[in-house]
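So the chains spell out like this:
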Amino acid sequence: MTGTLVLAGTPIGDVADAPPRLVAELEGADIVAAEDTRRLRGLTRALGVHTTGRVVSYFEGNESARTPELVEALQGGARVLLVTDAGMPSVSDPGYRLVAAAVEADIKVTAVPGPSAVLTALALSGLPVDRFCFEGFLPRKAGERLGRLKEVAAERRTLVYFEAPHRLDDTLDAMAEVFGADRRAAVCRELTKTYEEVKRGPLGELAAWAKEGVRGEITVVVEGAPETGPEELDAAELVRRVRVREEAGERRKEAIAAVAAEAGLPKREVFDAVVAAKNAS
C-alpha cells in the first residue's frame, strides 16, 4: 500500500484561521515537509500541537533533491504532510515538483483547504470576481516586467499578483503605463493581520501613493481590460500601446500588428496613427 501526500493550507496571518483538519494532520503525519521548519515550530506552538512524525525542510533550494526522498517514503506507505509558510502549497510556493512526482508515481494526493491570499484579496478588492487569473510575482527586471504585463494588456479577466513591498511602486508605475493610469485596482496589504489595509483606486493614484513606502505582504488586484471596439480606441491610445510594446523590446512592425489585433483594426490604420504622431512631434 502506498501512502498519501497531503497538501495543507496554513494561515496567511491570523493563526485562528487554521483549519481544524490541519491540527489532526500535523499530529498524525509520518513526515512533515515544511518550507521553513522554524516557522512550522511557531505555528505548532500557537496551535498547541505536538508533531510525532519526522520534520524535514522542503523549500525552493532543495525541492529537486528532496522530492525523490519523499516519493520513496510515500511509496513505502508514509503519510507526508506538506506545508508552506503561509497559504496553499504549490501556489507561488514549493510543492509543484512533489505533487507532479507523486501523481507520476500513482500516489494519492489530497488537500486540507485553508486560507488563500489570492482569494481573500480578490474578494476584498471590490472588482469583478466572476472570472480572474493569477499571475504570481512579476519579473524583477524592468524590461521583463513590462514584457510580462503587455502580454495580458488586453486580458478581460481580473488579474491577481503578488509583489514585494520594496518593488510595489515600480510595479504600479509599470501597470499604469501598460494598462492605463485609469484602470481600477486594489492593493491588499497584511491580509488578516493587525494592520490589514486595502487601498483601492486607479493605478495612477495607487502608484503615487506607493512612492511613500509600503510595508508588509502585498497582493495586487487589477481590473481586467474593458471590452473595446475600433470606435472606442482613438489614435493617441493606439500610439501609446505601440510605444509600450516597443519599450518592452518588440520591433515596431510586430508592435503595430499586435495592437491592431487587440483593437480589431487593420494594421494600416495603426501604422498611420503612429506615423502621424511621429510627424506631429
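Before reading on, note that the structure itself is shown above.
To start, this report covers the structure provided alongside it. Just so it is clear, the model here is predicted, and its values are computed rather than measured.

Analysis parameters
Residues numbered from 1 in each chain as written. Predicted model: local features only at pLDDT ≥ 70, side-chain atom pairs only at ≥ 80, totals over all residues. Heavy atoms only, no water. Core = buried A, V, L, I, M, F, W, Y, C linked by side-chain atoms within 4.5 Å. Buried < 20%, exposed > 50% of the residue type's maximum accessible area, 1.4 Å probe, protein only. Helix = DSSP H or I, 4+ residues; strand = E, 2+ residues; numbered from the N terminus. Contact = heavy atoms within 4.5 Å. Pairing = 2+ DSSP bridges. Right-handed = clockwise from strand over helix to strand, strands pointing away. Phe/Tyr/Trp six-rings, centres within 6.5 Å; stacked < 30°, edge-to-face > 60°. 1 Å grid on protein atoms, 1.4 Å probe; cavity = no way out; pocket = protein on both sides within 12 Å on 5 of 7 lines; lining within 4 Å. Points joined across faces, edges and corners; volume = space filled by probe spheres on them. Nonpolar A, V, L, I, M, F, W, Y, C, P; charged D, E, K, R; others polar. Axes fitted to C-alpha atoms, helices over the stretch in contact; angles between N-to-C directions.

## Description of the nonpolar core
Step number 1: Ranked by size, the top nonpolar core spans 27 residues in total, and within it Tyr161, Leu168, Leu172, Met175, Phe179 and Val222 carry the most contacts.
Step number 2: Residue assignment for this core shows that the elements contributing at least two residues are α6 (142–151), β7 (158–163), α7 (168–179), β8 (184–189), α8 (203–210) and β10 (218–222).
Step number 3: With seven residues, α7 is the single largest residue contributor to this core.
Step number 4: Other than its neighbours up to four places away in sequence, valine 222 contacts Leu127, Thr158, Leu159, Tyr161, Met175, Phe179, Arg183, Arg184, Ala185 and Leu203.
Step number 5: Among the nonpolar cores identified, the runner-up in size contains 17 residues, and Leu5, Leu7, Leu70 and Val80 belong to it.

## Looking at the pairing of strand β2 (residues 31–34)
Step number 1: The two faces of β2 match: Ile31 and Ala33 on one face and Val32 and Ala34 on the other face are all buried.
Step number 2: Note that β2 and strand β3 (residues 54–57) share four bridges and pair parallel. Counterpart to isoleucine 31 in the pairing with β3 is arginine 54.
Step number 3: Between the parallel pair β2 and β3, the chain is carried across by helix α2 (residues 37–47), and the sense of this crossover is right-handed.
Step number 4: Bridge count for β2 against strand β4 (residues 79–83) is four bridges, and the pairing is parallel. Bridge pairing in β4 links alanine 33 to leucine 82.

## Regarding the packing of aromatic side chains
Step number 1: The final tally for this structure, using the stated rule, is two aromatic pairs.
Step number 2: Judged by centre distance (5.0 Å) and plane angle (65°), the ring pair of phenylalanine 134 and phenylalanine 162 falls under edge-to-face. Residue phenylalanine 134 is located in strand β6 (residues 132–137), and its partner phenylalanine 162 is located in strand β7; the two are separated by 28 residues in the primary sequence.
Step number 3: Taken together, the ring pairs in this structure connect Phe134, Phe137 and Phe162 into an aromatic cluster.

## Looking at the pairing of β10
Step number 1: Buried residues dominate β10, accounting for five of its five residues.
Step number 2: What you see with β10 is no split at all: Ile218, Val220 and Val222 on one side and Thr219 and Val221 on the other are buried throughout.
Step number 3: Bridge count between β7 and β10: five bridges; the pairing is antiparallel. Bridging from a neighbouring strand, tyrosine 161 pairs with valine 220 of β10.
Step number 4: Both β8 and β10 contribute to a ladder of five bridges, which runs antiparallel. From the neighbouring strand, alanine 186 faces β10, where its bridge partner is valine 221.

## Brief notes about the layout of surface pockets
Vacant regions in the atomic arrangement are exposed by a probe of water-molecule size rolled over the atoms.
Step number 1: Space inside the largest pocket adds up to approximately 1200 Å³.
Step number 2: If you go around the largest pocket, you meet 40 residues; those closest to its centre are Glu35, Asp85, Ala86, Asp93 and Glu217.
Step number 3: Looking at the lining of the largest pocket, the elements that each hand over two or more residues are α2, α5 (117–125), β7 and β10.
Step number 4: Volume-wise, the second largest pocket comes out at about 460 Å³.
Step number 5: Taken together, 23 residues make up the lining of the second largest pocket; nearest its centre are Phe179, Arg183, Pro226, Glu237 and Arg241.
Step number 6: Looking at the lining of the second largest pocket element by element, the count peaks at five residues for helix α9 (residues 235–247).
Step number 7: The residue inventory of the lining of the second largest pocket, partitioned by class, reads nine nonpolar, two polar and 12 charged.

## A word on the sheet that holds β8
Step number 1: Spatially, five strands are ordered β6-β7-β10-β8-β9 in an open sheet, and the strand pairing comes out mixed. Each edge of the open sheet is held by one strand with a lone partner, namely β6 and β9 (197–202). When the angles between neighbouring strand axes are averaged without regard to direction, this sheet yields 15°.
Step number 2: Where β8 and β9 come together, six bridges link them in antiparallel fashion. By the bridge assignment for β9, alanine 186 is matched with arginine 200.
Step number 3: Against the sheet, α7 contacts β7, β8 and β10, and its axis sits at roughly 10° relative to β10.

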